[in-house]
Structures are given as structure tokens and as C-alpha cells.
Amino acid sequence: MVIVSNRVPSPSGQGATAGGLAVALADVSTKGSMWFGWSGRRAEETSEEASVVLSESGVTYATIDIAERDYQRFYNGFANGALWPLLHYRTGLLRFNRPDYEAYRAVNRAFARALLPLLRPDDLVWIHDYQLMTMGEELRALGVENRIGFFLHVPFVPPSFLQVLPSADELVAALSACDVIGLQTSTDADMFLKNVTESLGVHPQPSGHYAYHGRAVAVITTPIGIDAVKFSKLAERAELAPEAARLHESLGNRKLVLGVDRLDYSKGLPLRFDAFGRLLYAYPQHRRAVNYLQIAARSRQEVGSYQSLRRELDRRAGDINGEFSDFDWVPLRYMTHPVNRNALAGFYRRANIGLVTPLRDGMNLVAKEYIAAQDPEDPGVLVLSRFAGAADELTEALIVNPIDADEVAAAIHQGLVMSLEERRARHDALFQKVCHTTARLFCETFLAHLRTRP
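Counting of residues starts from 1 at the beginning of each chain's written sequence and follows it residue by residue. For a predicted model such as this one, the threshold for reporting local features is a pLDDT of at least 70, and the threshold for listing and counting side-chain atom pairs is 80 or more; totals across whole chains, interfaces and linings nevertheless cover every residue. Side-chain numbers here rest on the full set of heavy atoms in the structure, without hydrogens or water.

1. Focus: the state of the cysteines
Two cysteines, two sulfur atoms, one covalent bond between them: this is a disulfide.
Thought 1: Any cysteine sulfur atom paired with another within 2.5 Å is treated as part of a disulfide. Here the structure, examined in full by the defined rule, presents zero disulfides.
Thought 2: Just so you know, Cys 178 is unpaired, no disulfide at all, and the nearest cysteine sulfur is the one on Cys 443, 17 Å from it.
Thought 3: Judged by relative accessible area, which is 2%, Cys 178 ranks as buried.
Thought 4: Cys 435 provides the cysteine sulfur closest to Cys 443, a residue in no disulfide bond, and the two sulfurs are 17 Å apart.
Thought 5: Relative accessible area serves as the criterion here: at 1%, Cys 443 is assigned to the buried category. Each residue gets one of three labels from its accessible area relative to the maximum for its type: buried under 20%, exposed over 50%, partly exposed in between, using a 1.4 Å probe on protein chains only.

2. Some words on the nonpolar core
Thought 1: In terms of nonpolar packing, the biggest core is built from 98 residues, with Val 4, Phe 36, Phe 111, Leu 115, Met 135, Ile 181 and Tyr 210 touching the most fellow members.
Thought 2: Starting at the N terminus, helices and strands are each numbered in turn, a helix being any DSSP run of H or I of at least four residues and a strand any DSSP run of E of at least two. The greatest single-element share of this core, amounting to 10 residues, is contributed by helix 2 (residues 68–87).
Thought 3: Leave out the neighbours within four places in its chain, and Phe 111 touches Val 4, Ser 5, Asn 6, Phe 36, Gly 37, Trp 38, Ile 64, Ile 66, Leu 132 and Met 135. Grouping buried Ala, Val, Leu, Ile, Met, Phe, Trp, Tyr and Cys residues that are joined through side-chain atoms within 4.5 Å yields what is termed a nonpolar core. Between two residues, a contact is recorded if the distance between any of their heavy atoms is within 4.5 Å.

3. Regarding helix 2
Thought 1: Bend, in this description, refers to the angle at a residue between axes fitted to the seven residues ending there and the seven starting there. Maximal helix bending in helix 2 amounts to about 40 degrees, located at Ala 79.
Thought 2: With 16 of 20 residues buried, helix 2 lies mostly within the body of the structure.
Thought 3: One or two steps after helix 2, the chain reaches Tyr 89, where phi turns positive at roughly 65 degrees.

4. Comments concerning the sheet that holds strand 7 (residues 180–183)
Thought 1: Read across the sheet, nine strands follow the order 3-4-2-1-5-6-7-9-8 without closing on themselves; strand pairing throughout is mixed. Of all the strands in the sheet, the pair left with one neighbour each is strand 3 (51–54) and strand 8 (209–212). With strand direction ignored, the average angle separating the axes of adjacent strands in the sheet is 25 degrees.
Thought 2: Fitted lines through C-alpha atoms give the axes, limited to the stretch in contact for helices. The angle between two N-to-C directions lies from 0 to 180 degrees. Where helix 16 (residues 439–451) meets the sheet, it contacts strand 5 (125–128), strand 6 (148–151), strand 7 and strand 9 (215–221), and its direction lies at approximately 140 degrees from that of strand 6. Strands qualify as paired when DSSP identifies two bridges or more between them.

5. Some remarks on the packing of helix 9 (residues 242–251) against helix 12 (residues 341–350)
Helix-helix packing is described using two parameters, namely the angle between the two axes and the distance between the axes.
Thought 1: Helix 12 packs onto helix 9 with a crossing angle of 35 degrees between their chain directions and a minimal axis gap of 8 Å. In terms of crossing hand, the pair formed by helix 9 and helix 12 is right-handed. On the side of helix 9, the interface is formed by Glu 243, Ala 244, Leu 247, His 248 and Leu 251, while helix 12 contributes Ala 343, Gly 346, Phe 347 and Arg 350.
Thought 2: When residues are grouped by polarity, Ala, Val, Leu, Ile, Met, Phe, Trp, Tyr, Cys and Pro land in nonpolar, Asp, Glu, Lys and Arg in charged, and all others, Gly among them, in polar. Partitioning the contact of helix 9 with helix 12 into residue classes produces five nonpolar, two polar and two charged. Two helices crossing with the near one rotated counterclockwise from the far one by less than a right angle form a left-handed crossing, whereas a clockwise rotation gives a right-handed crossing.

6. Here we look at unusual backbone geometry
Thought 1: Even without glycine at this site, Asp 129 takes up a positive phi of about 80 degrees.
Thought 2: Looking at where Asp 129 falls in the secondary structure, it is placed in the loop between strand 5 and helix 4 (135–141).
Thought 3: The buried category is assigned to Asp 129, whose relative accessible area is 13%.
Thought 4: Look at Arg 288: it is not a glycine, yet its phi comes out positive at around 70 degrees.
Thought 5: Mapped onto the fold, Arg 288 is located in the loop between helix 10 (269–282) and strand 11 (290–297).

This is the structure we're talking about:
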């Protein structure tokens, strides 16, 4: 098993990691497997020879460095300046220029060349996410005939959106060099197949299979999940940890609305702040009775749109607190530094409302973690955007349109006043679902398709 991603976990378990991806793929990153990707280091030149480390657990970690100029064009330029906004339906934020795209292709090519000498004939190669959409094609160009899978963790868009990108047809063709292409939801899979027809002139079968340049390609839906039982136990322990105790003490008897996101425009944070302000305005019984804590860890700080987002959130948080605060109550708490996973688990368990309202999201594991963390005897309520992939599964949540601040405010109010009986019934149904669609099932389903030759 060879896992390929833009970033890889540290062999020691310390330092920079691949985040939620590392947790999701824990079941396949076991003894005898390899994890290949970028080291996180910027060098004078992009390397095409991997640095290899065998960890104590028996997992091989192979990494390459990326040149500073390539990083700026590949990562900040095309991947996050063009692909990320496009795949989140934000074409107005898309910034395309040809040198960025050429650097993207070059870095994908360097990944392929560095991986080539490490591959054995029977290895399965599983490539992850939008940073590496052309790597499968680069491996094929080098003569690799191994089974190659690709999984996209973010949404996919219809042809009318994708065709805004000048290189759209090339990307669809490059992905078609893989044997299996996985997406989070059936809607995303349908969108990809429509692009196959539009870009390649190929008409897929109803099963999602199609042939391109003599290769049979399978497009599948396999939603990513978590180990809900394990996370539930973590949250139960974390409830007694010092961080959770400090949070509980600071709240007193007030209820807690909690949001946990990366600082990213796809998460709809300005609209979420507005919705909380509408709650306090339209439902004055919650003033002094509730606190909203938004954790928004900084990311991609070199991209201008992210800097603008942070300034906007600073302003909106100040406006809300300026209007509603009292001498002993500040309604909105907003922090941009990350919180460790154990502390987050305790925060989830304490929260009366889990506020997950992205404008568009491939899945959103925060929603699943929030459900898993709840006390089944006195659970909180999940308010969830209809545009998160998780909404397809978690139908017992309060599903909202994040664009409508009044609708989101009404859902928060509904959750805050909901009866214990209804909260328990909703949570029981949701918990069963997150226990079924696990990270293990995600891996097993994808790999079963990857192992199956047509």
C-alpha cells in the first residue's frame, strides 16, 4: 500500500502532519506500507529523489523537498489560488495564470519521478486530493502499470463551473489515467462523470465506469468517516481534562455554541458570525445565557484572500461584541490558533450546539466528531449546512442554508430550547450513522475497488 499526499505525517508522530487525512488512513498506514509526499521543506531546487525513513511501526515515509519558486506557483498559485476556489464554487476568487499551472504539472511530475524507483510491481498506489490531480498521468508516462487510485476530499463542480478553468479538459484527462476515482458524495461523482462527457466526449455507463485510452476507469462514492467509538471515549476522558475544565468554569451556567474550522472562506464564517448576531437580536432570551466560541485555525496565510477574511472576521466579531457585550459577558469568543485534538474532544462534549455551516465542503469531519463526542444522556444539537457532504448522511441534524442568517439563527434557537427527549432521539440516530460510516469502511471500500481488475 503506497499512500501519496501533499503532506505526510511525521515518522515520530511529532511536528507537521497530514491532519485529518492521517487519522482517516490510520487503518492502512500500517507495517509494510509507504506514505509518500512533500517534506514540508522549501529548497533551492525541487528534488526528484526521495528521502526515506522507516518508522518504528514499520511504515516507510518517503518525502521530497520543493523549490521555493515551485511552492509559490504550485501550492499558493494553482492549487490554492485556482483549484481550491473553483472546486468550492467560488469562481470569483479564482486566479489563473499559465506559469502557475505549468509549475503544478512540474511538481506532480517530480512526485512521480521520485516515487518511481520505490515502487514494486504489485504495489497499490492511492493518491489523495486536489494538489496531485495529474500525478497518476505522470506515473503512466513513466511506464507504471500498477493499480492507481485517486480520492478527492473536496467537492467536484459541474461542467459550467469547471470549464471556467482553461486547463479543465487536461485535468479530467489526467485523472482518467487512474483506475479508480473516489469522491465523497453521489452528487460529486455525478458532477465528475458529467465532466468526463463534456471534456473527453466519453459516455460513462450507469455504474460509473468508462473507458479512456484503453483503460477502464471506475468512479465511486465512498464517504470518509471517523472511528466514532474511539472518539467518543476520548471525549469522555477529555471532559475532565484541564482545558475543558477551564472552558466550563469560564462559561458558568451559560450554554455553548461551538464552531471549529480552518480559517477559510469556504467555511462561511462571516455569515456564521452574522447568524449569531441575528440570534441575539431576534431571540433576546439568549442574551447573557449563551456564548459562541469559534476556533478558526489560520491557514494559507500567504494567500491574499485569506488575509482579507481574517480582517473581516475581526471586524464582525468586534461589531457583535460591541453591540451586545455587558461588563461581565462577552458573547462571541474568536481564536485563530489551533487547539489540540484532546482538548477539542472535551470542547465538543461541552457544547450545546455544534455549528457546522460551510458554504461548500467535501465532507466535514467536525460534524461527525461533534456527534461522536456527545453525552448520550444529555446530548447537544448539530446545526449543519446543507452544502456539507456530511448532510447527505446526517439528516437528523438541523439542516440549514448557511446563506440565510435568519434561518441559521432560528436553528440555533431551536437547538438551544429543544427538549431532552428530542435531543436524545436525534443523537441516537446520528451516532448510529457515524459508527457505521467509519474511516475503516472508507478505506476498505476504496481499496476493494482498487484491487478489483476489470
